[in-house]
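Here's the letter readout for the chains.
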Amino acid sequence: MDFGKALEVLKQGGKVTRTGFYNENIWIELQVPDTHSKMTKPYLYMVKYEDKFPVDLSCESILAEDWEVIK
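Trainee: Explain the side chain of R18 here, please?
Mentor: Of note, R18 is situated in strand β1 (residues 15-18). The buried category is assigned to R18, whose relative accessible area is 10%. A distance of 3.1 Å separates the side chain of R18 from the side chain of S61, its partner in a polar contact. Once residues within four sequence positions are removed from consideration, R18 is found in contact with E60, S61, A64, D66 and W67.

Structure representation (structure tokens):
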């Protein structure tokens, strides 16, 4: 699927990955801040094995059509 559809999945609380990541242990999630958060705006973050960090997707990833939902 394209990133537009992947973004809708993220907004609904889902997780997405790309075939282009070549690893089943890497995916993207959306963090929506609450009243206890230091952040004030939603942001995407990547989970890579045990690590979690904010992600700024490349143009290649944004334009890719190999996004998949993780169940």
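Trainee: Sorry if this is basic, but what is going on with the environment of E50 here?
Mentor: Note that E50 resides in the loop between β3 (43-48) and β4 (51-54). In sequence terms E50 and I26 are 24 residues apart; their C-alpha atoms lie 9.5 Å from each other.

Trainee: Honestly, the pattern of salt bridges in this entry has me stumped. Any pointers?
Mentor: Side chains that differ in sign of charge can pair as their charged atoms come close. Enumeration over the complete set of coordinates arrives at two salt bridges. Put simply, K11 and E8 hold a salt bridge, and the shortest N to O gap is 4.0 Å. Linking K11 with E8, this pair stays in helix α1 (residues 3-11), spanning three residues, or about one helical turn. Here E8 falls in the partly exposed class, since its relative accessible area comes to 41%.

Trainee: Looking at this structure, I do not really get the nonpolar core. What am I missing?
Mentor: For soluble globular proteins, nonpolar side chains are generally found buried alongside one another. Grouped together as the largest cluster of nonpolar side chains are 13 residues, with contacts concentrated most on F3, V16, F21, I28, L44, L57 and W67. Of all the elements, α1 adds the most residues to this core, at four residues. Those residues in contact with F3 that lie beyond four places of it in its chain are L44, L57, S61, I62, A64 and W67.

Trainee: I keep staring at the packing of aromatic side chains and nothing clicks. Help me out?
Mentor: Aromatic ring pairs are defined here through the distance separating the ring centres and the angle between the ring planes. This structure, assessed with the given rule, holds two aromatic pairs. Judged by centre distance (5.3 Å) and plane angle (55°), the rings of F3 and W67 are tilted. Of this pair, F3 sits in helix α1 while W67 is found in strand β5 (residues 67-70), placing the two residues 64 residues apart along the sequence. Each member of the pair, F3 as well as W67, carries the same accessibility label: buried. Geometrically, the ring pair formed by F21 and W67 is edge-to-face, given 5.9 Å between the ring centres and 85° between the ring planes. Here F21, found in the loop between β1 and β2 (26-31), pairs with W67, found in strand β5; they are 46 residues apart in sequence, far enough to count as distant. Take F21: its relative accessible area is 18%, and that puts it in the buried class. Clustering of aromatic rings is evident, with ring pairs tying together F3, F21 and W67.

Reading guide: rules and limits
Residues numbered from 1 in each chain as written. Predicted model: local features only at pLDDT ≥ 70, side-chain atom pairs only at ≥ 80, totals over all residues. Heavy atoms only, no water. Helix = DSSP H or I, 4+ residues; strand = E, 2+ residues; numbered from the N terminus. Buried < 20%, exposed > 50% of the residue type's maximum accessible area, 1.4 Å probe, protein only. Polar contact = N/O pair within 3.5 Å; in protein donor to acceptor, adjacent residues only side chain to side chain. Contact = heavy atoms within 4.5 Å. Salt bridge = Lys/Arg side-chain N within 4 Å of Asp/Glu carboxyl O. Core = buried A, V, L, I, M, F, W, Y, C linked by side-chain atoms within 4.5 Å. Phe/Tyr/Trp six-rings, centres within 6.5 Å; stacked < 30°, edge-to-face > 60°.

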